[in-house]
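Breakdown of the fold
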Amino acid sequence: MSAVKMSGSRIRVAEFLFWLLAVAVMWGFPQHAALWAEIVILALFALSLDLILGYGGIVSLGHAAFFGFGAYAAGLFAIHVSPDPLLGLVAATAGAALLGLLSSVIVLRGSDLTRLMVTLAVGLILFEVANRFSGLTGGADGLPGIFIDPIFGRFEFDLAGVTGGWYSLVVLFLLFVVARRLTRSPFGVGLEAIRDNRLRATAIGIPVNQRLAAIYTIGAAFAGAAGALLTQTTGFASLDVLSFERSADVLLALVLGGTGYLYGGLIGAVIFVLMHDLLSAWTPHYWLFWMGFALVAIVLIGRERLYGGVAGAIARLAPKRGGRA
Amino acid sequence: MLTILFDGIAYGMLLFVLACGLAVTLGLMNFANLAHGSFAMAGGYLTVVLTSQWGVPFLLTLPLAFVFSAVLGAILEPTLYRHLYGRSHLDQVLFSIGLVFMSVAAIDYGFGASQQFVRLPEFLMGRIELGGVTIGIYRLFIVIICGALALALHLMLSRTRFGSRLRAAVDDSRVASGLGINVNRVFLLTFAFGSGLAGLGGALGAELLGLDPWFPLKFMIYFLIVVAVGGTATISGPLIAALLLGIADVAGKYYIPQFGAFIIYVVMVAVLLWRPQGLFVRGRR
C-alpha cells in the first residue's frame, strides 16, 4: 500500500508533458478553440465517469443525467440568478452533486443488472422532465437567451471560443488535480479494494455503501461541472445534453482511453472527438454505425489486450523510467 | 375503466413476449444483452416488408418473424456472444450497445428513419363488446396468442426433457455439463428461441408500440424493468412484472397524461426500494 502511495504522489515527467502539450495546442491553434473546448469538456465528463466506473466499479447507462442537469442548471442560473460564470459553475456542480447523492440511494441497491436499469431510468426521467417542463427549459427548442458575464469581469467569452477553451482547460486541470489527489488517498485505495473484491473489502472494515455513495456523488458533481462548461462556452442548452447517446458517447470515450486510471478519460476524449470529426465529415448520417462498430471491435479484441499492448509498447520504448507502467 | 385494464394487459403480455428471451439469456448465461430489442426490431421489419411489399398474409408472417429472428440469434450466438459469457458486465454492456447502434444505423440506412406501419387484415381490426366492455379485436388477439405462449413456455420448462436440462444448466452449468448435458447446445437453442420470441413480439407489437429504427433503444428500459423486477428464475416472475408494467403504463398515460411517462419509473423505484433483488427471487445465492 505504501508503494501505491509513493508512486502516486510523485508527479511524473509524462504527466507534466501531457499538460504542457494541452496548453501548447490551445496556444498554438486558437482558430480551432471550439474543437479544443469540446474535447476538454468531454474529457472532464469522461473523467467523472471514470471515477464512478473505473474506481467505483458501477456501470452506468445514464451518466448524461448529471451532465445535462449541470448544463441546464448553469443555463437557468445565468438567466434567473446571476450571469457570473464561476458562481454558475459552482451552483451547477453543487446541484449535480445533490442529484447524485439522491440517486445513489437507489443506484446502489441491488445487483449489476438493476443498476443498469436504474441508471438508465434516472437518465430517462431527467430527459422526460426537461421535455415536459418546457416552460422552464424550453423543451425540444432548447434554452435560449443565456448570457454569461466575462470571467472575473475581464475575460469576455468570444465567438471563436478562445476564452471558453482556456476557461474549460483550467477547470479541467483543477478538477483533475482534485481527482488525482482523491484517488491516491486512502479513500481512493479503499475504493479500488471495493471494486476488486467487495467481500474482502467489507471484511477489512471498509464501509462499502458509504464509499460508493461518496464516489458516485463526486462523479455526478464532476459531470455537472462538465455540463455547466458546455452551456457557458456555447451559450445554449438543449435536450440532447440529456440523451442516451450522450451517455453512450462518454462510455465509448472512456473505454477508448481505458478505465481505471485518470488519464484514460482524457486520452479517450481526444481520440473520440477527433474520430467523430473525421467520421462525421465522411459519413455524417451513419456515424452511429461506426460508433457501434468501434464498441463491438474493442470488446471483441479485448480491452485488456488492447491496453496491455499499448502499455507494453510504451514500457519497451522507455524501459529505464522505473516503476510499473 | 375495464377497457384500460384490458389494454394494459395486452400491452403487458406483449412486453412479456418481447422480454422473456432476455430473462432467459440473463438467467442462463448471466449475459446482459441490451441488444435484445434489435432482434425484436428485426422481426418487426420483416413483417412490414413481407406484408406491404410481398403481399404475404399477416398471420403467416408471424411464424416467419419468429424463424427469422431465431436464425439471426443462432448465427450471432456462436460467432459473437459465446466469447463474452465469462466477461465482465461492462464488456457485455459495451458490446451489446455497440450492436444496438449498428442495427439502428443499418435499419435507418435500409428503410429510412420514419415510422413503419403493418397493415392488419380486416378481421383483426375494429372493436367488439364483451360483457359490456369494449375491446379491440387485435388486442384480444395479442392477449390470446401471448397467453398461449406463456402457458406453452411454462409447460416446456417444467414438463419436457429440454426444460429440465435448461433448468439444470441455469442452476449450475458445470455440474450440468458433468452430467452429460451439452450446455453449449442448450445455450445456443435457448438463445435462438429467445431471439425468435423477441422477433415474434416485434412483429405482433409493430402496430401497438410503433416501429422505427430507434425501437431497441426506446424499449430497452422496459425490457430491463421486466427482467430486473420479475427476476430470471421463473416464467411467472417476468410475466407478472410485464403485466404490472403494462397496466401501470397504460393507466398512467390515460388518467394523468402530463405525468404518464413517469409512472413506470415510480413503480420501478417503489419496487426496488421494497425489494432490491426483484419481486420474485429464489432463496439461492
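Residues numbered from 1 in each chain as written. Chains lettered and ligands numbered in written order. Predicted model: local features only at pLDDT ≥ 70, side-chain atom pairs only at ≥ 80, totals over all residues.

A closer look at the overall build of chain A
Scanning chain A from N- to C-terminus turns up 15 helices and 0 strands. The buried share of chain A, taken over its 325 residues, is 46%. Restricting the contact set of chain A to residue pairs at least 6 apart, pairs at least 24 apart contribute 77%. (Helix = DSSP H or I, 4+ residues; strand = E, 2+ residues; numbered from the N terminus. Buried ≥ 20, exposed ≤ 12 C-beta atoms within 10 Å, placed from the backbone. Contact = placed C-beta atoms within 7 Å.)

Thoughts on the overall build of chain B
Scanning chain B from N- to C-terminus turns up 12 helices and 2 strands. Listing each helix as α and each strand as β along chain B from the N terminus yields α-α-α-α-β-β-α-α-α-α-α-α-α-α. Against the 2.2 N^0.38 benchmark of 19 Å for 285 residues, chain B shows a C-alpha radius of gyration of 19 Å, consistent with a compact globule. Each of the three principal axes of chain B carries a C-alpha extent, and together these read 55 × 45 × 35 Å. When burial is assessed residue by residue, chain B has 47% of its 285 residues classed as buried. Restricting the contact set of chain B to residue pairs at least 6 apart, pairs at least 24 apart contribute 77%. (Rg over C-alpha atoms; globule rule 2.2 N^0.38 Å.)

Re the interface of chain A and chain B
The partner chain B presents 36 residues to the 32 residues of chain A that form the contact. When residues of the side of chain A that touches chain B are traced back to their parent elements, those giving at least two are helix 6 (112–132), helix 12 (244–257) and helix 14 (287–301) of chain A. Here the side of chain A that touches chain B gets 12 residues from one element, more than from any other, and that element is helix 6 of chain A. For the side of chain A that touches chain B, the class distribution of residues is 24 nonpolar, 3 polar and 5 charged. (Nonpolar A, V, L, I, M, F, W, Y, C, P; charged D, E, K, R; others polar.)

Quick word on the pairing of strand 2 (residues 133–136) of chain B
Residues and elements named next belong to chain B. Bridge analysis of strand 1 (residues 127–130) against strand 2 gives 4 bridges, and the strand direction is antiparallel. In the strand pairing of strand 2, Glu-129 is matched with Thr-134. Between strand 1 and strand 2, which follow one another and run antiparallel, lie 2 residues, and Gly-131 among them has a positive phi close to 55°. (Pairing = 2+ DSSP bridges.)

A few points about the confidence of the model for chain A
Low pLDDT marks stretches whose predicted atomic positions should not be read closely. Residue and element names in this part refer to chain A. Chain-level statistics for chain A give a pLDDT mean of 84 and a share of 90% at 70 or above. Segment residues 1–8: pLDDT under 50, and 5 contacts once partners within four positions in sequence are set aside and those in other chains are kept. Between residues 318–325, whose pLDDT stays under 50, and residues either more than four places distant or in other chains, the model counts 4 contacts. (pLDDT = per-residue confidence, 0-100.)

A closer look at the environment of Leu-20 of chain A
Residue and element names in this part refer to chain A. With respect to the helices and strands, Leu-20 occurs in helix 2 (residues 13–28). With 10 C-beta atoms packed within 10 Å, Leu-20 lands in the exposed category. In the structure, Leu-20 is positioned 57 residues away from Phe-77 in sequence and 33 Å away in space, judged by C-alpha atoms.

Here's the deal with the packing of helix 9 (residues 186–196) of chain A against helix 11 (residues 208–234) of chain A
Residue and element names in this part refer to chain A. Between helix 9 and helix 11, whose axes approach to 10 Å, the crossing angle comes to 115°. Taken as axis vectors, helix 9 and helix 11 run roughly perpendicular relative to one another. Considering the relative orientation of helix 9 and helix 11, their crossing is left-handed. Here helix 9 contributes Gly-190, Leu-191 and Ile-194 to the contact with helix 11, which in turn contributes Val-208, Arg-211, Leu-212 and Ile-215. The residue inventory of the contact of helix 9 with helix 11, partitioned by class, reads 5 nonpolar, 1 polar and 1 charged. (Axes fitted to C-alpha atoms, helices over the stretch in contact; angles between N-to-C directions. Parallel < 35°, antiparallel > 145°, perpendicular 65-115°, else oblique. Left-handed = near helix turned anticlockwise from the far one by under 90°.)

A closer look at the confidence of the model for chain B
Averaged over every residue, the pLDDT of chain B is 84; the share at 70 or more is 96%. The weakest mean pLDDT in chain B belongs to strand 1 of chain B at 76; the strongest belongs to helix 3 (residues 58–79) of chain B at 91.

Some words on the nonpolar core
One finds Leu-42 and Leu-44 of chain A together with Ala-19, Ile-225 and Val-226 of chain B to be the most contacted residues of the largest nonpolar core, which totals 192 residues. Looking at which element gives the most residues to this core, the answer is helix 1 (residues 2–29) of chain B, with 18 residues. Those residues within four positions of Ile-225 of chain B in sequence are excluded, and the remaining contacts are Met-117 of chain A together with Leu-245, Ile-264 and Met-268 of chain B. (Core = buried A, V, L, I, M, F, W, Y, C linked by C-beta atoms within 7 Å.)

Examining the packing of helix 1 of chain B against helix 5 (residues 137–159) of chain B
Residue and element names in this part refer to chain B. Close contact between helix 1 and helix 5 brings their axes to 9 Å; oriented N to C, the two are set at 45°. Between helix 1 and helix 5, the interaxial angle falls into the category oblique. Note that helix 1 runs across helix 5; the crossing there is left-handed. The residues of helix 5 that touch helix 1, namely those facing Phe-6, Asp-7, Ile-9, Ala-10, Met-13, Leu-14, Phe-16, Val-17 and Cys-20, are Arg-139, Ile-142, Val-143, Cys-146, Gly-147, Leu-149, Ala-150 and Leu-153. Per-class residue counts for the contact of helix 1 with helix 5 are 14 nonpolar, 1 polar and 2 charged.

Regarding helix 5 of chain B
Residues and elements named next belong to chain B. Taking 1.5 Å of rise per residue, the 23 residues of helix 5 would be expected to cover 33 Å, and the 32 Å separating its terminal C-alpha atoms lies within 8% of that figure. For helix 5, the full list of buried residues reads Arg-139, Ile-142 and Cys-146. Close packing links the buried residues of helix 5 with helix 1, strand 2 and helix 8 (183–209). (Expected span 1.5 Å × (residues − 1).)

Considerations on the environment of Leu-169 of chain A
Residue and element names in this part refer to chain A. Among the secondary structure elements, Leu-169 is positioned in helix 8 (residues 162–184). Once the C-alpha coordinates of Leu-169 and Gly-100 are considered, the two residues, 69 residues apart in sequence, prove to be 24 Å apart. Those residues in contact with Leu-169 that lie beyond four places of it in its chain are Ala-22, Met-26 and Val-40.

Examining helix 6 of chain A
Along its 21 residues, helix 6 of chain A runs 30 Å from first to last C-alpha, staying within 8% of the 30 Å computed at 1.5 Å per residue. Within helix 6 of chain A, 15 of the 21 residues are buried, which leaves it mostly tucked inside the rest of the structure.

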